[in-house]
Amino acid sequence: MANKFSWRTNQLLSIIPEQYDGALIMSEINGRYFTGFNCDNGYFFVTRKGCVFVTDSRYTEAAQKAVDWCEVMEYSTPQMKETFGGVARKLGLNNIVVESDRMTLSQYRMMSDLLEPAALCEDGGLDRLIESLRVHKDSDEIACMKAAQGIAEQTLRHVYGMIREGVTEADLAFEFEFYARRLGAERLAFDSIVASGENGSMPHAVPGARRIRKGDLITFDVGCVVGGYHSDMTRTVAYGEISDEQRRIYNIVLRAQQTAMDYLFAGGDDLAECDAAARDIIKAEGYGDYFGHGTGHGVGLEIHEFPSVSFRGGKIPENAVITVEPGIYIPGKYGVRIENMLCKTADGAVDLAEMDRELLIL
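The rules behind these values
- Residues numbered from 1 in each chain as written.
- Predicted model: local features only at pLDDT ≥ 70, side-chain atom pairs only at ≥ 80, totals over all residues.
- Heavy atoms only, no water.
- Helix = DSSP H or I, 4+ residues; strand = E, 2+ residues; numbered from the N terminus.
- Rg over C-alpha atoms; globule rule 2.2 N^0.38 Å.
- Buried < 20%, exposed > 50% of the residue type's maximum accessible area, 1.4 Å probe, protein only.
- Expected span 1.5 Å × (residues − 1).
- Arc of directions from axis to C-beta.
- Pairing = 2+ DSSP bridges.
- Axes fitted to C-alpha atoms, helices over the stretch in contact; angles between N-to-C directions.
- Core = buried A, V, L, I, M, F, W, Y, C linked by side-chain atoms within 4.5 Å.
- Contact = heavy atoms within 4.5 Å.
- Salt bridge = Lys/Arg side-chain N within 4 Å of Asp/Glu carboxyl O.
- Phe/Tyr/Trp six-rings, centres within 6.5 Å; stacked < 30°, edge-to-face > 60°.
- Lys NZ or Arg CZ within 6 Å of the ring centre and 35° of its normal.

Participant: Would you explain the overall build of the chain in this entry?
Facilitator: Of regular secondary structure, the chain possesses 10 helices and 19 strands. Taken against the 2.2 N^0.38 rule, which gives 21 Å for 362 residues, the C-alpha radius of gyration of the chain at 23 Å falls within 12% of a compact globule. Counting only C-alpha atoms and orienting by the principal axes, one finds that the chain spans roughly 70 × 40 × 35 Å. Scored against the burial criterion, the 362 residues of the chain give a buried share of 55%.

Here's what the structure looks like:
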């Protein structure tokens, strides 16, 4: 494992512009990506003179074991200035680039003081460089995401068995979390969405006290985490017989999703074109005003990460994992969304989900 993380660090060093001595990574998520160590108070210095991981006494021993391929230093609050100033001198820091997207103003001011006279650069360049590395998922990352997806699918099938008249959305959401954890999920990827009936028109509805009724469409947007990596899946099911309009809207969304997925399977790699493949179907059927969000997003160590499948466009990098999740939301009535995760390959894409997408009537 150490070799993989030191390799990632060297990859970052190879693309940092020469005018910078290196980078300071303070965010928990990027720190984990480059070190393999999950720590909410780590300062990872990546420089051409070497790498140093600085943390406090709560994490020192664990960090020494996990990040055994670089120097680990401990600081105490009263001696922060001495410790970080020593790191700056040791590594010869004059200019160092930081994560502007993930750094608060108070953190920036603090580190500017601690590392003085070194100058911190917060122009966003480091964030883009890290994005360019994290977007390419390796086999270990994809294996974790597939495992998380497998737990989510098994759990959702279990939850389907609980659907009956009178059960609440919150009951179903709670059971999903309980069962997923029993199957080995580290945690949920996000707070589960269970939206029934009229609540389904809100894409990010919060599960509440609404009770399931016959004729409801029920949207489940769920995911799990394994090895730090997320899964993301949405299925909409029917409880009892539904109207012809509900069936029609479901089939439009399913066709829109399949069209976007087929674009990827055929080797398409443009984010805007992928978005349009789904959106144009929904527009042509007269529901364009009822699909307001992007068609998808990247997934990995975070549930939403680069790239975004939207009109803004750009290329889909090889080995990126993205979602395809069109929807139609009729205010006050119901909504439909269907979502799969796909991994982009050199000549197509692989669907990481196995769960059926045809309309299921329970």
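Still more ground to cover, so stick around.
Participant: Explain helix α8 (residues 169-182) here, please?
Facilitator: Structurally, the α-helix is built with 3.6 residues per turn, so residues lying three or four positions apart point the same way. Helix length check: α8, at 14 residues, gives a terminal C-alpha distance of 20 Å against a target of 20 Å (1.5 Å per residue), a fit within 8%. For α8, the complete set of buried residues consists of Glu169, Leu172, Ala173, Glu175, Phe176 and Ala180. Each buried residue of α8 sits inside an arc of 160° when the element is viewed along its axis, so together they form one side. Every exposed residue of α8 that faces more than 90 degrees away from the buried side is listed here: Phe174 and Arg182. Positive backbone phi, at 115°, marks Gly184, one or two positions downstream of α8.

Participant: Explanation requested: the sheet that holds strand β6 (residues 119-121) in the structure shown.
Facilitator: Strands belonging to one sheet form pairs held by backbone hydrogen bonds; the direction of such a pair is parallel or antiparallel. Reading across from one edge, β4-β3-β2-β1-β5-β6 is the order of the 6 strands in this open sheet, with mixed pairing throughout. The open sheet is flanked by β4 (71-74) and β6, the only strands paired with a single partner. With direction set aside, neighbouring strand axes in the sheet form an average angle of 25°. Here strand β1 (residues 22-25) pairs with strand β5 (residues 95-98) via 3 bridges, running parallel.

Participant: What should I look at first to understand unusual backbone geometry in this one?
Facilitator: What you tend to see is this: most non-glycine residues have negative phi, and most peptide bonds are trans. Following Glu116, the chain continues to Pro117 via a peptide bond in cis, the omega torsion being 15°. With respect to the helices, strands and loops of the structure, Pro117 is situated in the loop between α5 (105-114) and β6. Despite not being glycine, Asn319 shows a phi value in the positive range, around 70°. The topology assignment puts Asn319 in the loop between β14 (305-309) and β15 (321-324). Judged by its relative accessible area of 28%, Asn319 is partly exposed.

Participant: Whenever I open this one, the nonpolar core confuses me. Can you help?
Facilitator: For soluble globular proteins, nonpolar side chains are generally found buried alongside one another. Ranked by internal contacts, the top residues of the largest apolar core, which has 39 residues, are Leu12, Phe34, Phe44 and Phe53. Those elements that place two or more of their residues in this core are α1 (2-15), β1, α2 (28-35), β2 (43-47), β3 (50-55), α6 (125-134), α7 (139-160) and β18 (340-344). Tallying contributions element by element places α6 first for this core, with 4 residues. Setting aside residues no more than four positions away along its own chain, Leu12 makes contact with Ile25, Phe34, Leu126, Leu129, Ile130 and Leu133. The next biggest cluster of nonpolar side chains, apart from the first, holds 34 residues, and it includes Ile282, Tyr287, Val309 and Ile328.

Participant: I tried to follow the pattern of salt bridges on my own but got confused; where do I start?
Facilitator: Side chains that differ in sign of charge can pair as their charged atoms come close. Counted by the stated rule, this structure contains 27 salt bridges. Among the salt bridges present, the one from Glu71 reaches Lys90, with a minimum N-O distance of 3.4 Å. Placement of Glu71 in strand β4 and of Lys90 in helix α4 (residues 80-91) is noted, with a sequence separation of 19 residues between them. Put simply, Arg337 and Glu325 hold a salt bridge, and the shortest N to O gap is 3.8 Å. You can see Arg337 sitting in strand β17 (residues 334-337) and its partner Glu325 sitting in the loop between β15 and β16 (327-330), a full 12 residues away along the chain. An identical accessibility class is assigned to Arg337 and Glu325; each is buried. One continuous salt-bridge network, built from bridges that share partners, spans Arg102, Arg134, Lys137, Glu302 and Glu305.

Participant: Explain the packing of aromatic side chains here, please?
Facilitator: For any pair of aromatic rings, the description rests on two quantities: the centre-to-centre distance and the angle between the ring planes. Tallying each qualifying case throughout the model produces 11 aromatic pairs. With 6.0 Å between their ring centres and 80° between their planes, Tyr43 and Tyr75 make a pair best called edge-to-face. With Tyr43 in strand β2 and Tyr75 in the loop between β4 and α4, this pair connects stretches of sequence that are 32 residues apart. By the burial criterion, Tyr43 is buried, and Tyr75 matches it. Aromatic pair Phe44 and Trp69: ring centres 6.0 Å apart, planes at 90°, arrangement edge-to-face. Placement of Phe44 in strand β2 and of Trp69 in the loop between α3 (60-66) and β4 is noted, with a sequence separation of 25 residues between them. An aromatic cluster of at least three residues, connected via ring pairs, comprises Phe37, Phe44, Phe53 and Trp69. Note that Arg8 overlies the ring of Tyr33, its terminal NZ or CZ placed 4.1 Å from the centroid. Across from the ring centre of Tyr239, 4.5 Å away, lies the NZ or CZ of Lys214, which sits over that ring.

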